[in-house]
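Now for the letters of each chain:
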Amino acid sequence: MLLVDSIGGLKLTKTDKSHCFKFIGILLRDSLEEFGNLISFVPKPQTYLIKTFDNSYYKWLNVLIVEMIVIRNNYYSHEEGVCYQYHVSPSFFPEGPPLNTLCNYNYLEPLLTLGYKDIIKGVNKEHNLHNNWFEEDVSTLVIDYDKLMNLVRNRIDNLSIEDFLVDEQIKEHAIKLYSTNGKSYYVKTTDAIAKAKNQGKSLIKDDGKCGLDEPNNFLHNKKQSIGYSYLNSLVRLQRKDLKAERNPTNKRLDTNFTNMSSVLVDEICLQNDLVQIDLSNSQFAILSNVLKEHLHSDDFKRFMELSVSGQLYAYIQRIIGLESVAEAKNAMFEIMFSSRRNNTTSKAKLKDLFPSVIGWIDRYKKAHGDNQFSIMLQNKESEIFIDCLLIRIKKMKLFCLTKHDSLIVRRNDYTRVLNVLKDEFAKISLEYSLKVTNLYGNNETHKISWEEINRIE
């Protein structure tokens, strides 16, 4: 692999080369998670680099920049709080790995080298506890990696531009447009389409994010990103490169499974007779629980009823006239993660449906900061799923993995775990419905209403 060979040929110490591989892995990971590709700029402040590496990081980083292995932008400002941004040179991904070799083990070795996570310094007892639980449970899994590799190959082979919304297929009046330099801004959809056509490109929407690209180039980069992401997840799992760490901001427990594609997680669960228990519309069910103390309006009662029943996205799709439930979900998450000054058509329509709810969210963001609203909900989610459910289930000596707002348990333990969940949710008066996958050993997902849950003994 050209990238691995290029770093290996640098006149650096073995330790500095190790730092280079780790830094490259972090850039690829963050670019992929944030932008869905491997070559977008991602910010890395000096304090982060010192904490993750050491005070001498600049010695090997400058070599990476001089050799054009890593590209750095040209602007930073201490006064404005703006740091340098970096990405891996696109020259290392001219064609991407041939699709018919993606599943070869020879290709996985360099991917593993690039798959490092950040260093965690000052590990505490809680970290050790979660890490030990996770490693113990994962060690009991029996995984057919050849079958998983074939799933990766099929996913990439069958991907086409028809799987994404392009140009006039994007129905929103305004969208948030992302560029490869990491910046984003709101623009009218018609203006973005016109800009794309002037550049000989298309406006393409991928998982809620819109960008300008030539369709064939976008598809090539998307397949490349999927190959890196999926295979890197499997290699780390196969080589027992396991992590279970609490995020210091939102207190979520990040593990090998939390960012793994659901395609792979579903297959691993099927192979090991595991059940996935998901809280339907989790962020909004939790929000409803929070708002019970603040709102008593009719639109809030309707919002809560829809969130609890798991019908919120379907209702929004039908009333607003969106093409899919996924679009409705994206519209609601836009409310959560965007600025309170977001004035898109979607927000206006949602505010007409739920005026007191959207108004409360905007007031919260104004008082605490735009990003603090989603962090508040994620913290409450973590309190429920990690600090209450996971701890209690592990004290029962049961297998349990978490994926933010879901539990993965053995099918034989399903009823016992469900009773724990019912008990803990009752303590905080949380009303809810569940999505349960693989309950009957066929990988199907079943919705279970609050009333049905309370009838289960």
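Residues numbered from 1 in each chain as written. Predicted model: local features only at pLDDT ≥ 70, side-chain atom pairs only at ≥ 80, totals over all residues. Heavy atoms only, no water.

S.K.: Quick question: what am I supposed to make of the overall build of the chain here?
M.R.: Scanning the chain from terminus to terminus reveals 19 helices and 15 strands. Rg of the C-alpha trace for the chain: 23 Å, near the compact-globule value of 23 Å for 457 residues, within the 12% margin. Taken over the C-alpha atoms alone, the chain extends approximately 65 × 55 × 45 Å along its principal axes. Looking at the chain alone, contacts between residues at least 24 apart form 66% of all its contacts between residues at least 6 apart. When the accessible area of the chain is evaluated, it comes to approximately 22,100 Å², of which 49% is carbon and sulfur surface. Within the chain, the 58 negative side-chain charges are centred at a point lying 4 Å from the centre of the 60 positive side-chain charges. (Helix = DSSP H or I, 4+ residues; strand = E, 2+ residues; numbered from the N terminus. Rg over C-alpha atoms; globule rule 2.2 N^0.38 Å. Contact = heavy atoms within 4.5 Å. Areas by Shrake-Rupley, 256 points an atom, 1.4 Å probe, with all protein chains shown as cover. Lys, Arg positive; Asp, Glu negative; His and termini not counted. Charge placed at Lys NZ, Arg CZ, Asp CG, Glu CD.)

S.K.: Is there a simple way to think about the pairing of strand β7 (residues 202–206) in this case?
M.R.: Remember that side chains alternate between the two faces of the sheet whenever the strand is regular. With five of five residues buried, β7 is to be regarded as a mostly interior element. Burial along β7 is two-sided: the residues S202, I204 and D206 and L203 and K205 are all buried. One ladder, built from five bridges, connects β7 with strand β8 (residues 209–213); its direction is antiparallel. Of the residues in β8, the one forming a bridge with I204 is G211. Counting the residues that bridge the hairpin from β7 to β8 gives two residues, and of these D207 lies at a positive phi of roughly 55°. (Buried < 20%, exposed > 50% of the residue type's maximum accessible area, 1.4 Å probe, protein only. Pairing = 2+ DSSP bridges.)

S.K.: What's the story with the environment of V166 in this structure? I'm lost.
M.R.: Structurally, V166 can be placed in strand β4 (residues 165–166). With 28 residues separating them along the chain, V166 and A194 place their C-alpha atoms 13 Å apart.

S.K.: Before we go on, may I ask you to explain helix α16 (residues 355–368) in this structure?
M.R.: An α-helix turns once per 3.6 residues; consequently, residues spaced three or four apart project the same way. Its 14 residues give α16 an end-to-end C-alpha distance of 20 Å, which sits within 8% of 20 Å, the value for a rise of 1.5 Å per residue. The set of residues buried in α16 consists of S356, V357, I358, G359, W360, I361, D362, Y364 and K365. If you follow the buried residues of α16, they end up packed against α11 (282–291), α12 (298–309), α14 (325–337), α15 (345–353) and α17 (372–395). Positive phi shows up at G369, right after α16, with a value of about 110°. (Expected span 1.5 Å × (residues − 1).)

S.K.: Sorry if this is basic, but what is going on with the pattern of salt bridges here?
M.R.: Note that side chains of opposite charge can pair when their charged atoms are close. Within the structure shown, the criterion is met by 15 salt bridges. Measuring nitrogen to oxygen at the nearest pair gives 3.2 Å for the salt bridge that ties D387 to R246. Taken as a pair, D387 in helix α17 and R246 in strand β9 (residues 244–246) lie far apart in primary sequence, 141 residues in all. The network of salt bridges with common partners includes R392, D423, E424 and K427. (Salt bridge = Lys/Arg side-chain N within 4 Å of Asp/Glu carboxyl O.)

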